[in-house]
Amino acid sequence: MQTTLGHLATWMPQQRWYSPTGGSPRLRLLDQRELTSRDADVSVRVVIVADGDDENAVVYQIPLVTRPAEVTGPWTIALQDGRALIDGPHDHAFASALLAELGRSDLDGPSQVLVGEQSNTSIIFRPHQAAPTICKVFRRLHPGINPDIELQSALAAAGSRHVPPVVGHLDGRWMMPQGGDVQQGSLAFAQEFLPDVDDAWRVALAAAAVNTDFTSEAASLGQVTAAVHRDLARLFPTPSADDAARHAISTAWRRRLSIAMVEVPALAAHEAAISRIYAAAEASAWPALQRVHGDYHLGQVLHSPTRGWMLLDFEGEPMRPIAERRAPDLALRDIAGMLRSFDYVAGSLRLQRAPQQHDAAVDEDAEAWARTARAAFLAGYADTGGAPAVTLLNALELDKAVYEAIYEARHRPAWLAIPLSAIERLLAH
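Residues numbered from 1 in each chain as written. Predicted model: local features only at pLDDT ≥ 70, side-chain atom pairs only at ≥ 80, totals over all residues. Heavy atoms only, no water.

Visitor: Got a minute to help me understand the environment of glutamine 152 in this structure?
Guide: Take glutamine 152: it is sitting in helix H3 (residues 147-157). Through-space distance from the C-alpha of glutamine 152 to that of histidine 247 is 28 Å; in sequence the pair is 95 residues apart. Ignoring any residue separated from it by four or fewer positions in sequence, one finds glutamine 152 in contact with Pro147, Val163, Pro164, Val166, Phe189, Gln191, Leu311, Leu312, Asp313 and Phe314. (Helix = DSSP H or I, 4+ residues; strand = E, 2+ residues; numbered from the N terminus. Contact = heavy atoms within 4.5 Å.)

Visitor: Even after reading the chapter, I still don't get the pattern of salt bridges, so can you show me in this structure?
Guide: Side-chain pairs of opposite charge can arise whenever the charged atoms involved come near each other. Counted by the stated rule, this structure contains 31 salt bridges. The shortest N-O distance in the salt bridge between lysine 136 and aspartate 148 comes to 2.8 Å. Linking lysine 136 in strand S8 (residues 133-138) with aspartate 148 in helix H3, this pair joins segments that are twelve residues apart in sequence. Note that arginine 333 is salt-bridged to aspartate 399, the shortest N-O span being 3.5 Å. (Salt bridge = Lys/Arg side-chain N within 4 Å of Asp/Glu carboxyl O.)

Visitor: Explain the packing of helix H4 (residues 200-209) against helix H9 (residues 332-352) here, please?
Guide: Each packed pair of helices is defined by two parameters, the angle between the axes and the distance between the axes. The contact between H4 and H9 brings their axes to 10 Å, and the two run at 55°. It follows from the interaxial angle that H4 and H9 lie oblique. The handedness of the crossing between H4 and H9 comes out as right-handed. From H4, Trp201, Ala204, Leu205, Ala208 and Ala209 reach across to H9, where they touch Ser341, Tyr344, Val345, Ser348, Leu349 and Gln352. Residues of the contact of H4 with H9, tallied by class, amount to eight nonpolar, three polar and no charged. (Axes fitted to C-alpha atoms, helices over the stretch in contact; angles between N-to-C directions. Parallel < 35°, antiparallel > 145°, perpendicular 65-115°, else oblique. Left-handed = near helix turned anticlockwise from the far one by under 90°. Nonpolar A, V, L, I, M, F, W, Y, C, P; charged D, E, K, R; others polar.)

Visitor: Looking at this model, I keep getting lost on the packing of helix H7 (residues 271-283) against helix H11 (residues 390-411). Mind explaining?
Guide: Direction vectors running N to C along H7 and H11 enclose 140°, while the axes themselves pass 8 Å from each other. Taken as axis vectors, H7 and H11 run oblique relative to one another. For the element pair H7 and H11, the recorded crossing hand is left-handed. Between H7, through Ile274, Ile277, Tyr278, Ala280 and Ala281, and H11, the contact on the second element is made entirely by Thr391, Leu392, Ala395, Leu398, Asp399 and Val402.

Visitor: I keep staring at helix H5 (residues 215-235) and nothing clicks. Help me out?
Guide: Because an α-helix packs 3.6 residues into every turn, residues spaced three or four apart end up facing the same way. Between its first and last C-alpha atoms H5 spans 30 Å; for 21 residues at 1.5 Å apiece the expected length is 30 Å, and the two agree. Those residues of H5 not exposed but buried are Ala218, Ala219, Leu221, Gly222, Val224, Thr225, Ala226, Ala227, Val228, His229, Asp231 and Leu232. At its buried positions, H5 is contacted by H3, strand S13 (301-304), strand S14 (308-311), H9 and helix H10 (360-385). (Expected span 1.5 Å × (residues − 1). Buried < 20%, exposed > 50% of the residue type's maximum accessible area, 1.4 Å probe, protein only.)

Visitor: Got a minute to help me understand unusual backbone geometry in this structure?
Guide: It is generally the case that most residues other than glycine have a negative phi and that most peptide bonds are trans. Phi is positive for aspartate 196, close to 60°, though the residue is something other than glycine. Among the structural elements, aspartate 196 can be located in the loop between strand S11 (182-192) and strand S12 (198-199). Of the residues examined, aspartate 196 reaches a relative accessible area of 80% and is grouped as exposed. Despite not being glycine, aspartate 313 shows a phi value in the positive range, around 55°. Tracing the sequence through the fold places aspartate 313 in the loop between S14 and helix H8 (322-326). Overall, the relative accessible area of 24% leaves aspartate 313 in the partly exposed class.

Visitor: Explanation requested: the sheet that holds S14 in the structure shown.
Guide: Within a beta sheet, neighbouring strands are joined by backbone hydrogen bonds and run either parallel or antiparallel to one another. The strand order across the open sheet built from three strands is S12-S13-S14, with neighbouring strands paired in antiparallel fashion. At either end of the open sheet lies a strand with only one pairing partner, and these are S12 and S14. Bridge analysis of S12 against S13 gives two bridges, and the strand direction is antiparallel. Bridged to aspartate 198 within S13 is histidine 303. Where H5 meets the sheet, it contacts S13 and S14, and its direction lies at approximately 45° from that of S14. (Pairing = 2+ DSSP bridges.)

Visitor: I'm lost on the pairing of strand S5 (residues 83-87) in this one. Help?
Guide: Regular strands show a simple pattern: their side chains alternate between the two faces of the sheet. In terms of residue burial, S5 counts as a mostly covered element, since four of its five residues are buried. Across five bridges, the pairing between strand S3 (residues 58-68) and S5 is antiparallel. Residue pairing for S5: leucine 64 is matched across the bridge by aspartate 87. With four bridges connecting them, strand S4 (residues 76-80) and S5 associate as antiparallel partners. In the strand pairing of S5, alanine 78 is matched with leucine 85. Between S4 and S5, which pair antiparallel one after the other, the connecting turn spans two residues, and aspartate 81 there sits at a positive phi close to 55°.

Visitor: What's the story with the nonpolar core in this structure? I'm lost.
Guide: For soluble globular proteins, nonpolar side chains are generally found buried alongside one another. Core analysis: the largest hydrophobic core is formed by 69 residues, its most contacted members being Leu221, Trp253, Phe342, Trp369 and Phe377. When neighbours within four sequence positions are excluded, tryptophan 369 is seen to be in contact with Ala204, Ala207, Ala208, Asn211, Thr212, Phe214, Phe342 and Val345. Counting residues in hydrophobic clusters, the runner-up holds 34 residues, among them Val46, Ala84, Leu99 and Phe189. (Core = buried A, V, L, I, M, F, W, Y, C linked by side-chain atoms within 4.5 Å.)

On their own, these measurements won't tell you what the molecule is for.
Set out below in structure tokens:
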């Protein structure tokens, strides 16, 4: 096993779902479990490792398939003892074993990994006699049920038309390093897959690129968002926003701002103004708290010609601690996230053009498109869920833009202008 851990320590930092720790991975085995393989010459197992050896160690799930060494490809981790060690989700032996663990071998069929994900790895199954299924394999593990499973399962069971039907989920157990507690958490989550549909980001981007009116679509998305919020408020507790809750949420705003001050020097001139808006929001009237999506943007919504808008990925922001993501929050956080997403449509169109193609009139059309879409979304939400509290919404939109500034500074510096211009606009109001 030590040899395997050595190979994983070399391979993991190259994966999009790995969180760098500032040095080489320091992996410790927490648990491993053999899964049933249909091929006697192929082994399938799930390995759970910790990166680090203290209470802040990050826990990862690594499904592994071992095949004869001549079976190699881009997802081969290493050659070990004359055999190929393969990242499991990219091998159908693991995909089949995963369905068996979920009790849904009837869904087995051709499988492929969804491209473009950053935090997890999703496998799409296309069985011959059933609807397609997508199974999300969680790479970074946390104790307790994953909010994606918790919220979507509750909504689906309550008859919501705005989330896909749930197929099942899989849990696991592991022992934390240095004699820590045994923890249990979510390993995988499967639900119906909607093929040949676009997410709202692509739909909106295509409309904005040719300046097509999007008010009807944005308004209906606002109505669906309000309906999902109403269902979540009915299905889960809605505690009042007492002093402790206000302090916890506003402290998270300020913690994020302090990180941004270090990583995004261009924000230094705005720190005092942002802090004043946070203080005004903290002192304003707050609605009751409830469970929310937590990372709501156009990419988290699908548009089905027959079912309308469908919401996905209720995990919350990956950078936020899991306890924060599962805690009741302000529904306005989701509204702020979607408003920022419309702004990103206009900003991305501007950035995608070559410098020599810069056209101020085209840029103004894109900005006007985003303003109109934002207003329509808010109007649609108000039709079903009531008018949002402006002071709180401004603070939450600022907090989201600060989060975006940190993300862009770390990963896409060329995009940093989008959240920075939004922060200036919000402060100007």
